[in-house]
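# Residue-level structural notes
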Amino acid sequence: MKAWICLPALALLAACSAEHGSTINTGFSEDNLATSDACFAETPSSLLDPGQTLLETGPAGLTRVSWSLGGETGDMAVSIAEIEQPTKTALDAANAAFYSAAGQQHDHNTDAVIYHRTTDGTFCTVIRDEATGRALVDAIMNLPAADQSAE
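All values reported here derive from a predicted model rather than from experimental measurement.

The rules behind each value
Residues numbered from 1 in each chain as written. Predicted model: local features only at pLDDT ≥ 70, side-chain atom pairs only at ≥ 80, totals over all residues. Heavy atoms only, no water. Core = buried A, V, L, I, M, F, W, Y, C linked by side-chain atoms within 4.5 Å. Buried < 20%, exposed > 50% of the residue type's maximum accessible area, 1.4 Å probe, protein only. Helix = DSSP H or I, 4+ residues; strand = E, 2+ residues; numbered from the N terminus. Contact = heavy atoms within 4.5 Å. pLDDT = per-residue confidence, 0-100.

### What about the nonpolar core?
Grouped together as the largest cluster of nonpolar side chains are 17 residues, with contacts concentrated most on Val65, Trp67, Leu91, Leu136 and Ile140. Counting only elements with at least two residues in this core, the list comes to strand 2 (62–69), strand 3 (72–79), helix 2 (85–105) and helix 3 (130–141). Of all the elements, helix 2 adds the most residues to this core, at 4 residues. Non-local contacts of Trp67, meaning those with residues more than four positions away in its chain, are made with Ser45, Leu48, Gln52, Thr53, Glu72, Thr73, Gly74, Asp75, Met76, Val137 and Met141. Ranked by size, the runner-up nonpolar core spans 7 residues in total, among them Leu54, Ile114, Cys124 and Val126.

### Details of the side chain of Thr53
Examined against the element boundaries, Thr53 turns out to sit in strand 1 (residues 53–57). With residues up to four places along the chain from it excluded, the contact list for Thr53 reads Leu48, Val65, Ser66, Trp67, Leu69, Phe98, Thr125, Val126, Ile127, Gly133, Leu136 and Val137.

### Some remarks on the confidence of the model for the protein
Looking at the protein as a whole, the pLDDT averages 79, with 70% of positions reaching at least 70. Residue range residues 17–21 is modelled with pLDDT below 50. Its contacts to residues more than four positions away, or to other chains, number 0 contacts. Counted against residues more than four places away or in other chains, residues 146–150, with its pLDDT under 50, gives 13 contacts.

### Considering the environment of Tyr115
Take Tyr115: it is sitting in strand 4 (residues 113–117). According to the relative accessible area criterion, Tyr115 is partly exposed, its value standing at 32%. For Tyr115 and Glu56, which are 59 residues apart along the polypeptide, the C-alpha to C-alpha distance reads 9.9 Å. Residue contacts for Tyr115: discarding those within four places in its chain leaves Ala102, Gly103, His106, Phe123, Cys124 and Thr125.

If you want it as structure tokens, here you go:
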């Protein structure tokens, strides 16, 4: 019977505590959304800020890389359906390294890394770190010429 007497007090204490705990600042808010018009554009490189690199992958089987690095811009597309397994493995490794670096650099309070996803599952990542971007661009540019198509 004593437990029934304590329950309302515990419920009140829990409600007050939960209200206080829900005000934790994570840096994310609708007023603080980093965006990039380059994602899903016809010519992404023309919309990138200097120092940015874009990687876009999705269900269409197309990997797109665009960059604005060191005063040079470019757009490259690779159809993964048309490449040999060793080339696909190298492309996957370059993409994975880029995504890993992006994850380490992501901060809700900055636009160092911007993520966008469309409803069809296409995923776009824009990163501001030039070293990370250059590594991806170099990997794409060193794929065999038959496996690349400039946009």
